[in-house]
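# A structural walkthrough
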Amino acid sequence: MKESQPSAIFLKDYTVPPFLIDKTELTFELDEAVTIVTSRLHMRRNPASGKSTCPLVLDGGEEVKLVGVAMDDYPLPPEEYRISEDKLIITATADEFILTCETVIEPQNNTRLEGLYRSSSMFCTQCEAEGFRHITYYLDRPDVMSVFTTTIIADEARYPVMLSNGNEVERGKTDEGKTVVVWHDPFPKPAYLFALVAGDLAVKNDVFTTQSKRDIKLQIFTESHNIDKVDYAMEALKRSMRWDEQVYGREYDLDIFMIVAVDDFNMGAMENKGLNIFNSSCLLASPETTTDDSYLRVEAIVAHEYFHNWSGNRVTCRDWFQLSLKEGFTVFRDQTFSADMHSETVKRVEDVSFLKTAQFAEDAGPMAHPVRPASFIEIANFYTLTVYEKGAEIVRMIHTLLGAEKFRAGSDLYFERHDGQAVTCDDFLAAMEDASGVDLAQFKRWYSQAGTPIVTVTDTFDEETGTYRLTITQDTPPTPAQPTKLPLHIPVRVGLLDKQGQALSSELNGTTSEEHVLQLTDSEQVFEFSGLSACPVPSLLRGFSAPVKLRYDYSTSDLLLLMSADADGFNRWSAAQQLAVNELSGLIKQAIDGQAFALDSQLVEGFKVLLGDSSLDPAMVALILSLPSQAYLSELANPIYPAAIKEARQYLKTQLANALRGDFERVYHEHNVQGAYQATAKDIAHRSLKNMALSYWVETKEAGAQQAVFEQFQSSNNMTDQFSALSIAVTSQHDKASEMLAAFYDQWQTEPLVVNKWLMLSASQESDHALETVKGLMAHPAFDLKNPNKVRSVLGGFGQNVAGFHKEDGSGYHFLADQIILLNKRNPQIASRLCTPLTRWRKLQPELSLKMKTELERIMSEDLSKDVYEVISKSLA
Ligand code: PHE
Ligand code: ZN
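Each value, and the rule that gives it
Residues numbered from 1 in each chain as written. Chains lettered and ligands numbered in written order. Predicted model: local features only at pLDDT ≥ 70, side-chain atom pairs only at ≥ 80, totals over all residues. Helix = DSSP H or I, 4+ residues; strand = E, 2+ residues; numbered from the N terminus. Rg over C-alpha atoms; globule rule 2.2 N^0.38 Å. Buried ≥ 20, exposed ≤ 12 C-beta atoms within 10 Å, placed from the backbone. Contact = placed C-beta atoms within 7 Å. Domains from an automatic or database assignment. Nonpolar A, V, L, I, M, F, W, Y, C, P; charged D, E, K, R; others polar. Pairing = 2+ DSSP bridges. Axes fitted to C-alpha atoms, helices over the stretch in contact; angles between N-to-C directions. Parallel < 35°, antiparallel > 145°, perpendicular 65-115°, else oblique. UniProt positions renumbered as here; feature names shortened; annotations may be inferred. Near = placed C-beta within 6 Å. Left-handed = near helix turned anticlockwise from the far one by under 90°. pLDDT = per-residue confidence, 0-100. Expected span 1.5 Å × (residues − 1).

We now examine the overall build of the protein chain. When its secondary structure is counted, the protein chain shows 27 helices and 34 strands. Relative to the compact-globule value of 29 Å for 877 residues, the protein chain shows a C-alpha radius of gyration of 28 Å, a close match. Counting all 877 residues of the protein chain, 50% fall into the buried class. Considering only contacts in the protein chain between residues 6 or more positions apart, those separated by 24 or more positions represent 70%.

What follows deals with the domain arrangement of the protein chain. Per the domain assignment, the segments of the protein chain are domain 1 (1-200), domain 2 (204-309) and domain 3 (316-551). Taken over C-alpha atoms, the centre of domain 1 sits 40 Å from the centre of domain 3. On the side of domain 3, 14 residues touch domain 1, which itself brings 14 residues to the contact. When its residues are assigned to classes, the side of domain 1 that touches domain 3 shows 11 nonpolar, no polar and 3 charged.

Each neighbour pair has its own omega, and for Glu 128 with Ala 129 the value is -10°, a cis peptide bond. Mapped onto the secondary structure, Ala 129 falls in the loop between strand S11 (122-126) and strand S12 (146-154). Put simply, Asn 638 and Pro 639 share a cis peptide bond, and its omega is 0°. For Pro 639, the position within the fold is in the loop between helix H13 (630-636) and helix H14 (642-659). One non-glycine residue, Asp 72, lies in the positive phi region at around 45°. Mapped onto the elements of the fold, Asp 72 is located in the loop between strand S5 (65-71) and strand S6 (74-75). A count of 11 C-beta atoms within 10 Å places Asp 72 in the exposed class. In the Ramachandran plot, Gln 733 falls in the positive-phi region, its phi being about 55° despite a non-glycine side chain. In this structure, Gln 733 sits in the loop between helix H18 (719-731) and helix H19 (737-748).

Now for the pairing of strand S10 (residues 115-119). Counted residue by residue, S10 has 5 buried out of 5 residues, so it is predominantly covered. Two strands pair when backbone bridges link them, and S10 and S11 are joined in this way by 5 bridges, in the antiparallel orientation. Directly across from Gly 115, in S11, lies its bridge partner Gln 126. Hairpin connection between S10 and S11: a loop of 2 residues separates the two successive antiparallel strands, and Ser 120 in this loop has a positive phi of roughly 50°.

Another point: the packing of helix H20 (residues 752-764) against helix H21 (residues 770-779). At a minimum axis separation of 8 Å, H20 and H21 run at an interaxial angle of 160°. Judged on the interaxial angle alone, H21 and H20 are roughly antiparallel. Where H20 abuts H21, its residues Leu 759, Ser 762 and Ala 763 lie against Thr 773, Val 774 and Leu 777. Counted by class, the contact of H20 with H21 contains 4 nonpolar, 2 polar and no charged residues.

What follows is about the UniProt feature "domain: Peptidase M1 alanyl aminopeptidase C-terminal" (unreviewed entry) in the protein chain. The feature "domain: Peptidase M1 alanyl aminopeptidase C-terminal" (unreviewed entry), as annotated in UniProt, sits at residues 557-877 in this numbering. Segment residues 557-877 splits into 71% helix and 0% strand. End C-alpha atoms: 45 Å apart.

Turning our eyes to something else, we now look at the site of ligand 1. Every residue close to ligand 1 is listed here: Gln 126, Glu 128, Met 267, Ala 269, Met 270, Glu 271, His 304, Glu 305, His 308, Glu 327 and Tyr 383. For the shell around ligand 1, the secondary-structure elements that each account for two or more residues are strand S20 (269-270) and helix H2 (292-307). Of the residues belonging to the shell around ligand 1, the class tally is 4 nonpolar, 3 polar and 4 charged.

On to the environment of Leu 838. Among the structural elements, Leu 838 can be located in the loop between helix H25 (828-834) and helix H26 (846-860). For Leu 838, a count of 22 C-beta atoms within 10 Å puts it in the buried group. Spatially, the C-alpha atom of Leu 838 lies 27 Å from that of Ser 294, the residues being 544 residues apart in sequence. Once residues lying within four places of it in the same chain are set aside, the contact partners of Leu 838 are Leu 816, Met 852, Glu 855, Leu 856 and Ser 875.

What follows concerns the packing of helix H15 (residues 661-670) against helix H16 (residues 681-697). In the contact formed by H15 and H16, the axes pass within 8 Å of each other and the chain directions differ by 145°. For the crossing formed where H15 meets H16, the hand is left-handed. In contact with Arg 661, Phe 664, Glu 665, Val 667 and Tyr 668 of H15, H16 contributes Leu 689, Lys 690, Ala 693, Leu 694, Tyr 696 and Trp 697.

The predicted model of the protein chain has a mean per-residue pLDDT of 98, with 100% of residues at 70 or higher. Model confidence for the complex is summarised by a pTM of 0.99, with the ipTM given as 0.99.

It is worth spelling out the UniProt feature "domain: Peptidase M1 membrane alanine aminopeptidase" (unreviewed entry) in the protein chain at this point. When the UniProt feature table is mapped to this numbering, "domain: Peptidase M1 membrane alanine aminopeptidase" (unreviewed entry) covers residues 232-446. For residues 232-446, the helix share is 55%, the strand share is 9%, and the end-to-end C-alpha distance is 37 Å.

Our focus in this paragraph is helix H9 (residues 556-565). One turn of the α-helix equals 3.6 residues, which is why residues spaced by three or four share an orientation. Those residues of H9 lying buried are Leu 559, Leu 560, Leu 561, Leu 562 and Met 563. The elements touched by buried residues of H9 are strand S27 (490-497), strand S33 (537-539), helix H10 (569-592) and helix H11 (603-612).

Before going further, it helps to spend a moment on the sheet that holds strand S7 (residues 81-84). Read from one edge to the other, the open sheet built from 3 strands follows the order S4-S8-S7, with strand pairing classed as antiparallel. Two strands close off the open sheet at either side, each with one partner strand: strand S4 (56-59) and S7. Each adjacent strand pair in this sheet contributes to an overall mean axis angle of 20°, direction not counted. Sheet topology places S4 next to strand S8 (residues 87-90); 4 bridges connect them, and they run antiparallel. Bridge pairing in S8 links Leu 56 to Ile 90.

In space, the 5 strands of this open sheet follow the order S17-S18-S19-S21-S20, with mixed pairing throughout. The outermost strands of the open sheet, each flanked by one partner alone, are strand S17 (202-209) and S20.

Inspection of the secondary structure puts Val 260 in strand S19 (residues 256-262). In the structure, Val 260 is positioned 244 residues away from Leu 504 in sequence and 53 Å away in space, judged by C-alpha atoms.

For the rest of this paragraph, the subject is H10. Between its first and last C-alpha, H10 extends 34 Å over 24 residues, near the 34 Å set by a 1.5 Å rise per residue. Backbone geometry just downstream of H10 places Gly 594 in the positive-phi region, at approximately 70°.

Turning next to the pairing of S5. Pairing geometry for S5 and strand S9 (residues 96-105), over 6 bridges, is antiparallel. Among the inter-strand pairings, Val 69 is bridged to a residue of S9, identified as Cys 101. Two strands pair when backbone bridges link them, and S5 and S6 are joined in this way by 2 bridges, in the antiparallel orientation. Opposite Met 71, over in S6, you have Tyr 74 as the bridge partner. Adjacent in sequence and paired antiparallel, S5 and S6 are bridged by 2 residues, among which Asp 72 carries a positive phi angle near 45°.

Shown next as C-alpha cells:
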C-alpha cells in the first residue's frame, strides 16, 4: 500500500480559474523516439477570480519532461518555477503574458491511452477528461476555453495524413524536408476537446449541404484495409446532421467534419471538435463482418458524437461534476434519433432493459453516486451508466413533464443563452423552466440523490361511485454517503384497461383521457380516476416514464392481458418480463433449496398467441420472447446464487421450447430473410425473431434443430446469422460447438473485430475447465494486452461464464484480480473497469462472497492507480 492515499475532490469546493488562456498555439514535432511539444499560451488573470497575486499552477503528468519555460519569450530562471506532484508552479506572473513551454513525451510508450499515443502505425490523442495534461502543462479544466492553433511537423512518407481540430490553414516543408501542417479552430474550446492524428490513412469523402445551404466536407479516415467498411457510418453521419437540424434546429458550424477510426481506444468514441476519434469497433461495418446490433451501435454512436457538437462542445461543462449535462442530454438525443430511424418501442425496450440491468445494479452497489456526483477521486471512474443512462432518463422525464414543444423551446433557449460557455446542470434546468414556465425545483433532486426509487402502487375500486383509486408511495434506499432521501418529482404515465383489454377513458383532476401522467411528488399520494363502470387493470409507468422500480401486485391473468392487449407496446414487453421474473423467482428458489424443478408455465399460452400473430412487429415478438438475462435476475436477487439462476433460466427455456416446439420451428422458417443483407429495421426484425426462435427450438435437442444451427452457421451471407448460430451452438452446448468455434476463427482470423467476438464467445463457453480456456485465449496470438477491445472481450466473456468465473474454489475471482493488478499501472482506466464484477461481492451467496472479498483485499494491498484505488476502496468500505 502507498504511504498516502489519493484524496477526493468536491463539487462544493469549485472556484473559477485564476487565469484564462485566450489563445493556445501548439507545435508537435512527431517522431518515433521522442515527440517535442511546444506550447505558447496567451494568458491573463481572470478578473472573475478576484485573485491578483496567486501563483500560476499548471497541470501536467509524470511522463511529461519539461525542457524549458519562458515568459514573454524570456527563459525563466530555475528559482522562478518548480514542479511538484505533476504540477508546474510559477511563482509570480504579470497580469497578462505569453507562457512558452517546451516538453518532451514518448507516445510509443504511452500504454494508458490518454494524451498522445500510438495505435497501430499512427499517432492519435485522447484528452477527455484529463488527458491533455499528459501532452503538455496546461490549465486542464473544462471551464478554461481557448482558441487553438496546432502545427504538426512530421515525416510525410510515414505520416501523409496530419489532422487536428478546425480548418487546415497552412502547409509547407521544414529545412530538413519534413512536412508542416497548421490547423486553426476558431471556436474556443477546453483542452479535453483537442485532438491530433497523424498516420498513413485512407479517406472516404462526402459532402453534406446544411439547411442554410452551406456545403460541409465530410471525411472518414481509417487504415487502408478498412476503408471499405465506412459507408454505413458516413450515411449515419448525414442522417444525424439532418436530424439535428430538423428536430433541434442545430446546424453544423465548421466547414469540415472528420472522423478517424483507431484500434486501441479506452472507450467507444470521442467528440473532439471537428475531429471525432472512434474506437474502430464503433465505426466500421460490413454485412459479412458486422452483426445487426453492431450496425445499430455504429449509427447511434456516430449520432451521439456528432450531437455533442452542440450539446457538449458549443455549450460545455463548467467542471467534471457536471458531466451529465453533456452526456445525459446527448444520450437522450441519440436515443430519440435511433427511435426515429427505426422503431420507437423496440429502442425503448432495449434501452430500458439495459438500464434496469446495469445501471440499477450500479445504483445499488458501493459505487452508487448521483447523476451529478458530489465528489470523486478519479473522474475517469465517473463515465458511468448513472451519468449517461440515468442522466438521459432525467432529460426524458423533463421532456415528459414539459411536452415536446416546450422542451424544444427550452433546448433552444439553453443553446442560445449559453453558446460558447461552460455551464452547469442548474443552467440547463433553468433554461427548461424559463422557456416553459414549469417549476422544476423539486425535480432537481434527481441530479443530487443516488439510488433507484421504489414506487409501490396499491388500488381500490368503489362500485357505487365508479371511482378507482391508486395509492402510490415512493422510497429511495440509502446509498453511500446518503443515508436518508427526500421525495422526488416522478412522472408516472398510466392507462386503464377493462378485463377484455379495451382501453378505458377516465377522468383525473378534471381531464378525461385514456392516458394520464401522474405527478408523484410526495412520499405517499392518492390519485382518483372517475367515470369507470368496473375495476380496471392498470397499465403503470408506460414507456418507463421514470427510472424507478415499480411494485404492484399483478395477478398472472392481468399480466397476460397487458402482454397481449396493452396499447403501450413497451408495457406489453414489461408485462411479459414480469411474468417471466415471477416464474423464474420460484424456480431459483427451488434450485437454492435443492428441490427438483416443477413449473406449469403460464408463459406458454401467451407465447403461443404471439408466435401465431403475424400482424405483430417481429422485433417486438423477439424481445418479448427473450427471457430476463442472468445479469438482470442477479440485479433482482439478494443474495445472488449464480448457478441457481443459470439452471432456472435453462429449465424455463427448455420447458417453453418443448411446449412450443412446432411453433418455434415454423417461425424460424417463416422469418428467414432472403437476398442481400440490409441493416433496415424490417430485416433486422425478421433476423432477430428467426434467431430467437432457433435458440428455443434447439433446446428441444431435436436433430432437425441441431442441423439448422449448423447449416445456418455454414451458409449465412451475413455476420448476424452466422454469429447467432455460433452463439446458439455455444450456449446450448451443441455437439459441434467447439468445432464451429475453431472453424469461425479460421475463417475470420484476419478481421480483428470478428476475432474479438470470437474471443468473447470462447471465453463465455461454460465448462469445468473454463479458466484454462481463458488462460489459453490470453496466450493466443490473436490476443494483445495493450488492446482494450481484446481485454474486454476475453475478460468480459469470462465474467458471464458462471461455471468459470463463479467457480466455488474462487479461482475465477483470483484470475480476474491478477489481471486487474497486471493492468493497474499500464492502463488504469481499463483496470478500473474490470473491477465492476467484484464490486458486487456483498450481494453474492455467502461462500462466494467471502472468496471475492479476499481478492478485493489482495488488490487493495498493491500500489494502486487512483482509478483502481477508488473502486476497490469504496467496494470494501
Ligand atoms: N465523451 C465521450 C462520449 O461519450 C466518451 C469518452 C470519455 C471517450 C472519455 C473517451 C474518454 O461521447
Ligand atoms: Zn458522450
